[in-house]
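Tertiary structure, described
Spelled out from the first residue to the last, the chains are:
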Amino acid sequence: MPGTFSFEKGASRFQMIEAQAARQGVIKRYRERLPEIPEAAIVSIGEGGTPLIEAPRISERAGASVYLKFEGLNPTASFKDRGMTVAMSRAVADGNLACICASTGNTAASAAAYAARAGIECFVIVPAGKIASGKSVQILAHGAKIVQIEGNFDAALKLCRRIAEERDDVALVNSVNPDRIEGQKTAAFEVCEAMDQPPDVLALPVGNAGNITAYWKGFKEWRKSGLADRAPRMFGFQAEGASPLVAGHDFDNPETVASAIRIGSPASKEDALTAVRESGGLIESVTDEEILDAQALLAREEGVFCEPASAAGVAGLLKLAREGHGQEGIAVCVLTGHGLKDPQAVVERSHLPEPVPATFEAVGRYIERVLS
Ligand code: AN7
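Just so we're clear, the structure is a prediction, and the values are computed from it rather than from any experiment.

1. Focus on the site of the ligand
Around the ligand lies a shell of 23 residues, among which Asn-106, Thr-107, Asn-208, Asn-211 and Thr-336 are the nearest. Note that an oxygen atom of the ligand is positioned 2.8 Å from one of the backbone N or O atoms of Gly-207. Note that an oxygen atom of the ligand is positioned 2.8 Å from one of the backbone N or O atoms of Ala-209. In the complex, the protein chains occlude 99% of the 480 Å² of accessible area that the ligand would expose alone. Put simply, the parts of the chain that give the shell around the ligand at least two residues each are α5 (106-118) and α10 (210-224). Among the residues forming the shell around the ligand, the class breakdown is nine nonpolar, 12 polar and two charged.

Dropping the structure here:
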């Protein structure tokens, strides 16, 4: 009711407007740092503006002050939305009838949502039976056309590139599309803004290597514009069974529990290696067990639930610390996707206990046992 608001209520309303501004979408928020997109073509669902969360328990173990950039809080629950808003806006501006992508799941879920909003058709080519259930559900919910191939991500990407080459009405929205990288680099800007300076280390999972490329581009641009005089060291981590950048050769049959990064021939491998070299960083591998342990630690001790692949950065920092290479200063770990994307990964490691009678005694006994 007008006139009944106290000053404090007015202030909190102002904070709400501030919060809304942070989630106006990355194109509007960072317009001057992104390629030009005609206003009428912008396709946004309010991506970006994700929190940077302090992680005291992980910090104790890693020897550094660790913060989590929780990208699972984007509209489709992964970092892919940052690049997808730019790629899809361009697809609309160019008058495409459809978009296409290869995916281990998250790119497809994001493309499906943004294409739905744009009102264009979306084709997603995925490795049959290898997509986490949350992601498949998203693809179906948004009405994308899903093609399951008897082959892996690398084969799917090859097919998509060819189709997009041969059809000028279909836009390729994988991260080989430079607009994807442009959008994704905004996460680096947000990290710098939130901390008032770049961190010492940025640790993240590496699959097709678009994200490490994008972060490095963002940090370099931030430094170049004079807002910082340095940039973080880039620490990329691959799953051991899918670690072509560590091994120095492609993997024909990549395998890992972290299905998001089950990629044997990263499209942006050269850019990823450049980012590591220029920043004085590293690319290493972590085992599936280390990944799942880090995922559980994040969930059980920090209250932050990410999907397995997303825990690779934390797993990597913890591994380095165990090997005597604890990092000094501030490390930001990018948690690329939400834990609800892949419920099976947790269900397979836990179990629901047998039902008990609906009595105070039975339930009370259980609580007594846990707390004693
Ligand atoms: C949760 O969706 O490649 O190194 O097709 O979903 O930029 O590939 C997903 C990749 C990390 C790796 N974390 O990022 C796809 C896809 C999560 C991911 C990565 C992915 P890139």
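2. Concerning the packing of helix α13 (residues 288-302) against helix α14 (residues 312-322)
Angle between the axes and distance between the axes are the two parameters that describe a pair of packed helices. With their axes 8 Å apart at the nearest point, α13 and α14 run at an angle of 105 degrees to one another. Here α13 lies roughly perpendicular to α14, going by the angle between them. Residue-level contacts link Glu-290, Ile-291, Ala-294, Leu-297 and Leu-298 of α13 to Ala-312, Val-314, Ala-315, Leu-318, Lys-319 and Arg-322 of α14. Its residues assigned to classes, the contact of α13 with α14 comprises eight nonpolar, no polar and three charged.

3. Some remarks on helix α7 (residues 153-166)
With 14 residues, α7 should reach 20 Å at 1.5 Å per residue; the first-to-last C-alpha distance of 20 Å fits that figure. When α7 is considered as a whole, its buried residues turn out to be Phe-153, Asp-154, Ala-156, Leu-157, Cys-160 and Ala-164. Along the axis of α7, the buried positions cluster into a sector of 155 degrees, meaning they face one direction only. Seen from the buried face of α7, the exposed residues on the opposite side, beyond 90 degrees, are Lys-158, Arg-162, Glu-165 and Glu-166. If you check the start of α7, you find a side-chain oxygen 3.1 Å away from the backbone N of Asp-154, and it comes from Asn-152.

4. A short note on the sheet that holds strand β4 (residues 121-127)
Taken together, the four strands give an open sheet; going across it, the order is β5-β4-β3-β6, and neighbouring strands pair in parallel fashion. Of all the strands in the sheet, just β5 (145-149) and β6 (170-172) have a single pairing partner and so form its edges. Each neighbouring strand pair of the sheet contributes to a mean axis angle of 25 degrees, computed without reference to strand direction. Examined bridge by bridge, strand β3 (residues 98-102) and β6 share three bridges and lie parallel to one another. Residue pairing across strands places Ala-98 opposite Val-170, the latter belonging to β6.

5. Focus on the sheet that holds strand β2 (residues 65-70)
A sheet is described by the order of its strands in space; here six strands give the open sequence β1-β2-β10-β7-β8-β9, paired in mixed fashion. For this open sheet the edge positions go to β1 (52-54) and β9 (282-286), each flanked by a neighbour on one side alone. Going across the sheet, the axis of each strand differs from the next one's by a mean of 25 degrees, ignoring polarity. Running over the sheet, helix α9 (residues 186-195) touches β1, β2 and β10 (330-335) and is turned about 135 degrees from β2.

The rules behind the values
- Residues numbered from 1 in each chain as written.
- Predicted model: local features only at pLDDT ≥ 70, side-chain atom pairs only at ≥ 80, totals over all residues.
- Heavy atoms only, no water.
- Near = heavy atom within 4 Å.
- Polar contact = N/O pair within 3.5 Å; in protein donor to acceptor, adjacent residues only side chain to side chain.
- Areas by Shrake-Rupley, 256 points an atom, 1.4 Å probe, with all protein chains shown as cover.
- Helix = DSSP H or I, 4+ residues; strand = E, 2+ residues; numbered from the N terminus.
- Nonpolar A, V, L, I, M, F, W, Y, C, P; charged D, E, K, R; others polar.
- Axes fitted to C-alpha atoms, helices over the stretch in contact; angles between N-to-C directions.
- Parallel < 35°, antiparallel > 145°, perpendicular 65-115°, else oblique.
- Contact = heavy atoms within 4.5 Å.
- Expected span 1.5 Å × (residues − 1).
- Buried < 20%, exposed > 50% of the residue type's maximum accessible area, 1.4 Å probe, protein only.
- Arc of directions from axis to C-beta.
- Pairing = 2+ DSSP bridges.

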